[in-house]
Amino acid sequence: MSRENGSSRNDGGRFDRLPATADERVVEGRATRREVVTWWVERFGLEPAAFDGHTFWEKGAGKVWAFAADVDSPAEIEALGMTFLRTRQEHWKPTTDAVQRFGRAATRNVVVLDDADARAFLRGETTDPDWDGDWGYLAVAHEIADDVEPIGVGLYLHGELRSQVPKGRRRQL
Amino acid sequence: MDPLARYDPIVADPEAFRAACERPLPSVVRVNGIKATPDRVARAFEAAGVGFEPVGWHDGLFRLADDVSPGNTWPFVHGWVYGQEEVSALPARVLDPDPGERVLDPCAAPGSKTTQLAALMDDEGLLVANDSNLGRLSALRANAERCGVTSVAVTNADARHLSLKSFGGSERRSEARRTTSDGVEPFDRALVDVPCSCEGTVRKNPDVLEEWSPSHVEGIAGVQRDILGRAVEVTRPGGTVVYSTCTFAPEENEAVLDDVIADHDCQLVEFDLDVEHVAGVAEWDGDRYDPSVRRAKRVYPHHNDTGGFFCAKLEVAA
C-alpha cells in the first residue's frame, strides 16, 4: 500500500484510498485500513481474510467504501464499490449494504428476529427482541429458506432494537 | 406509419411477429449469484406462496405469476433477485467475463446487465460502469449496492468520448500491459448495450412505437457507432466486445456493425445463443452490408415469447 498523497485535509468530493496503518496516515481523522478491518473482525467475528480482496476508500466526511479492485488514488468518479462503514464519529456504523453483503459470515452481534419482528424491522419500526449481548450496532437477520440471512443494521439501546433501514429500503411485506 | 410493418420482408412469419408484439410480457427475475442460488430463491418463493416457473433455457431466470410484485418480496429485499426481461439477460452471457478481468459497461444504467456481469465475475476484478445520465446513475448505484456488488467503479461521462484516466493501472498489476492511445490499460471485455429506439420493448411499453421516427433512428445510429467505436479502442488486442440493442431496426444494428468493422481493427465472430433466433441481415432498404454481419443474432418476440433483441460479438484484432 502506498502512502496517501495530496493535502492533509479530507476532500469530500473525491475518493482517497485509506492509509494501511496509522504510521502512513496523512489526512487528519481518516480511518486506516487496519482499523476498518479490525472493527469488522471484532464486532462481527469475521475472519480478517474476508477483506483481503478489497481496498478501502473515503469519500465524504467519514464515509468508507469497499472496492474489489484498485485504481489510482485519488479518484474523482461517482462510486467505487459499495458504502461500507461510517467513521469520524464516536460509534462507527456499518451500512445496510455491507451487512447484507458481508454479514452472512458474522458469528457475533447478530440478532435473529422472528417473522413478525423481521417485517416490523423492515418497515423501520423499533422492536423488542430477546437479546442479552452487546448494545450498539447489530446485524439484524431472520431465517429464510433454511438459513439465517442478514437484513440490515439495528441499534440496540435500552432494551430495544431501533431499525436503521434507510427510508428508501423500507418495505411493507 | 406502423414501424413494425417495415420488418415484414425480413421476418419469416410476420403474423406471428405482430401478434407476439401485442401480447404483454410476463414479469421475470434473475437470480443474483453474488448473494443467492436459484435453489434458495426457489425455496424462499415457495415458502412465501409466490408463483413462479423457470424459463427453461437458464436456471437463474424465473417467470413470476401475474399477481406478483417482485419488489415486495424478501428475495428482492435481500438482493437475491433483480427484475430483468429474459432477453436482456443474453448479452452478458455472450460476453462471458471471468473473475479478475477488467470489464467496461459504457451504457450501464439502470444496471440489470452491470449487476449480471459482476455476478459472472464473482464480484472480483474491475467493472467500470458508465452512464451519461446522472439521474439514471443513482438507480444504477442503488441496484448495484442492493445486489452486493463491490467490483464496480461508476463514472458519469458521454460514452462516445470516455476518458478512462482514473483507471490507469493499479499497483497490484506491476507487469506492463499494452496501453491504449491515451495511456490507459485496456479492458479485457466490453458490453456495449447502447441506447436505441427500443422497438423490442413494445410488449412492455407500447408507447415506444408512438415515439418512433426515421430521423430518430438515423440520429441514434450515429451515437451508437461512436460508442461502439470507442469501446473497441479501449479494449485490448484479442479482447471481446459485445454489441446489443433492443430494437429490430437494421440501421441501429447491422449498419452500425458494418461501419465499425470498416473503421476499426476488429471483426465479428460466431457465438452460441441459448434461445431461438435468426442470423443478422446483410441487406436492408437497398443497402448491402459486410456479409459477416450475418454472424450477429436477432431474437424476435414470437421466437421465445420474449421481448425483441439484437446481439453481436466482436473480437479486437491481436
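Just above, that's the structure.
If you're wondering where the values come from, they're calculated on a predicted model, not measured in any experiment. (Residues numbered from 1 in each chain as written. Chains lettered and ligands numbered in written order. Predicted model: local features only at pLDDT ≥ 70, side-chain atom pairs only at ≥ 80, totals over all residues. Heavy atoms only, no water.)

Asker: What is the right way to read the packing of aromatic side chains from this model?
Answerer: Residues and elements named next belong to chain A. For the coordinates displayed, the defined rule picks out 19 aromatic pairs over all chains. Ring geometry for tryptophan 40 versus phenylalanine 51: centroids 6.0 Å apart, planes at 65 degrees, classification edge-to-face. Linking tryptophan 40 in helix α1 (residues 33-44) with phenylalanine 51 in the loop between α1 and β2 (55-58), this pair joins segments that are 11 residues apart in sequence. Each member of the pair tryptophan 40 and phenylalanine 51 is classed as buried. (Phe/Tyr/Trp six-rings, centres within 6.5 Å; stacked < 30°, edge-to-face > 60°. Helix = DSSP H or I, 4+ residues; strand = E, 2+ residues; numbered from the N terminus. Buried < 20%, exposed > 50% of the residue type's maximum accessible area, 1.4 Å probe, protein only.)

Asker: I keep staring at the pairing of strand β10 (residues 160-163) of chain A and nothing clicks. Help me out?
Answerer: The side chains of a regular strand alternate between both faces of the sheet. Residue and element names in this part refer to chain A. Residue alternation in β10 divides its side chains into a buried set, Leu161 and Ser163, and an unburied set, Glu160 and Arg162. Pairing of strand β9 (residues 147-157) with β10, which is carried by four bridges, proceeds in the antiparallel orientation. Along β10, the bridge assignment pairs glycine 154 with serine 163. Counting the residues in the hairpin turn of β9 and β10 gives two residues, including histidine 158, whose phi is positive at 50 degrees. (Pairing = 2+ DSSP bridges.)

Asker: What is the right way to look at the sheet that holds strand β7 (residues 110-113) of chain A in this model?
Answerer: Across a sheet, paired strands are connected by hydrogen bonds in the backbone, their directions being either parallel or antiparallel. Residues and elements named next belong to chain A. Strand order across the open sheet formed by four strands is β7-β8-β9-β10, with mixed pairing between neighbours. Two strands lie at the open edges of the sheet, namely β7 and β10, each paired on one side alone. Averaged over all pairs of adjacent strands, the angle between strand axes in this sheet comes to 50 degrees, irrespective of strand direction. Along the sheet face, helix α3 (residues 115-122) touches β7, β8 (136-144), β9 and β10 and points at about 60 degrees away from the line of β9. (Axes fitted to C-alpha atoms, helices over the stretch in contact; angles between N-to-C directions. Contact = heavy atoms within 4.5 Å.)

Asker: Any chance you could explain the interface of chain A and chain B here in plain terms?
Answerer: One frequently used descriptor of interface size is the decrease in accessible area upon assembly of the parts. Counting from both sides, the interface comprises 44 residues of chain A and, opposite them, 39 residues of chain B. Carbon and sulfur atoms supply 52% of the area that chain A and chain B bury against each other, a total of about 3300 Å² over both sides. Linking chain A to chain B there are three salt bridges. With its nearest N and O atoms 2.6 Å apart, the salt bridge here joins arginine 101 of chain A to aspartate 123 of chain B. Contributions of two or more residues to the side of chain A that touches chain B are made by β3 (63-67), β4 (79-80), β5 (82-86), α2 (96-102), α3, β8 and β9 of chain A. Considering every element that reaches the side of chain A that touches chain B, the biggest residue donor is β9 of chain A, with five residues. Along the lines of polarity and charge, the residues of the side of chain A that touches chain B split into 19 nonpolar, nine polar and 16 charged. Bridge analysis of β4 of chain A against strand β7 (residues 152-155) of chain B gives two bridges, and the strand direction is antiparallel. (Buried area = accessible area lost by both parts, 1.4 Å probe. Salt bridge = Lys/Arg side-chain N within 4 Å of Asp/Glu carboxyl O. Nonpolar A, V, L, I, M, F, W, Y, C, P; charged D, E, K, R; others polar.)

Asker: Looking at this structure, how should I read the packing of helix α7 (residues 214-233) of chain B against helix α8 (residues 254-263) of chain B?
Answerer: The description of two helices packed together rests on the angle between their axes and the distance between the axes. All names here are of chain B. Two elements in contact, α7 and α8, have axes separated by 9 Å at closest approach and are oriented at 40 degrees. When the axis of α7 is compared with that of α8, the two are oblique. Both α7 and α8 take part in a crossing whose hand is right-handed. In this structure, α7 contributes Ala221, Gln224, Arg225, Leu228, Gly229 and Val232 to the contact, and α8 contributes Val256, Leu257, Asp259 and Val260. (Parallel < 35°, antiparallel > 145°, perpendicular 65-115°, else oblique. Left-handed = near helix turned anticlockwise from the far one by under 90°.)

Asker: What's the story with the pairing of strand β9 (residues 235-245) of chain B in this structure? I'm lost.
Answerer: All names here are of chain B. By the criterion of burial, β9 is predominantly enclosed, with eight of the 11 residues buried. Across six bridges, the pairing between strand β8 (residues 187-193) and β9 is parallel. In the sheet register, alanine 190 faces β9, and the bridge partner there is valine 241. In this region the chain leaves β8, passes through α7 and returns to the parallel neighbour β9; the handedness of that crossover is right-handed. Pairing of β9 with strand β15 (residues 309-316), which is carried by six bridges, proceeds in the antiparallel orientation. Bridging from a neighbouring strand, valine 241 pairs with leucine 314 of β15. (Right-handed = clockwise from strand over helix to strand, strands pointing away.)

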